[in-house]
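Residues per chain are reported as follows:
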Amino acid sequence: MEQKQTINFGAGPAKLPQSVLLQAQKELLNYSGLGISVLEMSHRSADFNKIINKSESLLRELLDIPDNYKVLFLQGGGSGQFSAVPLNLIGLKEDRCADYLVTGTWSAKAAKEAEKYGKVNIVHPKLESYTKIPDPSSWTLNPSASYVYYCCNETVNGVEYNFTPETNGVVLISDMSSNFLSRPIDVSKFGLIFAGAQKNIGSAGVTVVIVREDLLGHALKECPIVLDYKVQAEMNSLYNTPPCFSVYIMGLVLEWIKNNGGSAAMETLNKQKSSMIYEIIDSSKGFYVCPVDPSCRSRMNVPFHVGKKEGDDALEKKFLEGASKRGMISLKGHRSVGGLRASLYNAVTLEDTAALADYMKVFLKEHQF
Ligand code: PLP
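Reading the values: the criteria
Residues numbered from 1 in each chain as written. Predicted model: local features only at pLDDT ≥ 70, side-chain atom pairs only at ≥ 80, totals over all residues. Heavy atoms only, no water. Helix = DSSP H or I, 4+ residues; strand = E, 2+ residues; numbered from the N terminus. Rg over C-alpha atoms; globule rule 2.2 N^0.38 Å. Buried < 20%, exposed > 50% of the residue type's maximum accessible area, 1.4 Å probe, protein only. Contact = heavy atoms within 4.5 Å. Areas by Shrake-Rupley, 256 points an atom, 1.4 Å probe, with all protein chains shown as cover. Lys, Arg positive; Asp, Glu negative; His and termini not counted. Charge placed at Lys NZ, Arg CZ, Asp CG, Glu CD. Core = buried A, V, L, I, M, F, W, Y, C linked by side-chain atoms within 4.5 Å.

Engineer: I keep staring at the overall build of the protein chain and nothing clicks. Help me out?
Structural biologist: If you tally the helices and strands in the protein chain, you get nine helices and 14 strands. Its C-alpha radius of gyration of 21 Å places the protein chain within 12% of the 21 Å reference for a compact globule of 369 residues. Counting only C-alpha atoms, the protein chain reaches 60 × 60 × 30 Å along its principal axes. Buried residues in the protein chain amount to 56% of all 369 residues. Across the protein chain, the fraction of contacts at a sequence separation of at least 24, relative to all contacts at a separation of at least 6, is 68%. When the accessible surface of the protein chain is split by element, carbon and sulfur atoms take 51% of a total near 16,300 Å². A distance of 4 Å separates the average location of the 39 positive side-chain charges in the protein chain from that of its 39 negative side-chain charges.

Shown next as structure tokens:
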């Protein structure tokens, strides 16, 4: 059956809720009766102030962020934070060292960047492939580390933590770019959380940083001023021109999350959606293969191969062509790992996921060995 609507399973920038796009469209030329677009609005105006404050208060409400945390809206993406985190925090303790958990492409990049600014200790034996999270009993954490860093959901590899690492009092930092607001979290367990908006909460350009107040003011002297958390916190993220439109879109998405039951409701849906796909993979008798250990399979990004463990190129190409005919796009795996990947962020609906599941079943029937 041909599907008319395009279903976007992209890993990011990713699908946005239809109602958010419609509202942005409606307000594009004349925001709130002001006769100008948010795209044209001064970031120093009272009207923009309302927009940025609304995004912040929605975030605080949705995540129940304690009062002793600052919320920043920065530029530079998740990659900018790979630098900002050590620039601001590796000097927290004299030794200038940090513990990193490297469970996928993005935490590997973050660890490499941090090496420029201090000593980096990878707390577990190097993984041969990014398909599991080493058991915490095998980690060697350094009590003198300035912080412990991990990536909560590895977007490329489809590896997600379903627990919060225990650090014996050392500041915990998490990159939640690709599972932010996909489930409830206890912010008070973290020193800092960051997330690029372009997967679960908006459009590219803005990165959310939630940071505990006592961690401000420890930046290395080399830290660029726009990345200095203390400066940005004191200026309400307006030290320089922020990504105004992305902050506005994020506010619309956060409102949509709130109106749809918040992070707990997102979690319920995300569990349902991802189970739908994993169940087909697991019952396909090896026709579909997900390389990730079942204990840490991501609810957001489902990587899989078709035909055999390492993937049958011809079958995978055919799968993508058939998907495209049904309106399903961006199912190709990341170039570094190949295969296929279905990203099931908050805005991807149960119906979207069911359409993929149906297609996977049909494709299996037609091509089963
Ligand atoms: N961290 C994670 C988990 C990501 O998925 C990405 C990008 O996809 C990044 C960091 C880097 O983000 P950016 O491209 O915004 O720098």
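Let us keep going from here.
Engineer: Explain the nonpolar core to me, please; I cannot follow it from the model alone.
Structural biologist: For soluble globular proteins, nonpolar side chains are generally found buried alongside one another. Counting residues in hydrophobic clusters, the biggest one holds 84 residues, and the most contacted among them are Phe180, Tyr288, Phe304 and Phe319. Other than its neighbours up to four places away in sequence, Phe180 contacts Leu59, Leu63, Ile193, Ala195, Asn200, Ile201, Val208, Ile210 and Asn346. Judged by nonpolar contacts, the second largest core, of 29 residues, contains Val102, Tyr147, Tyr149 and Ile173.

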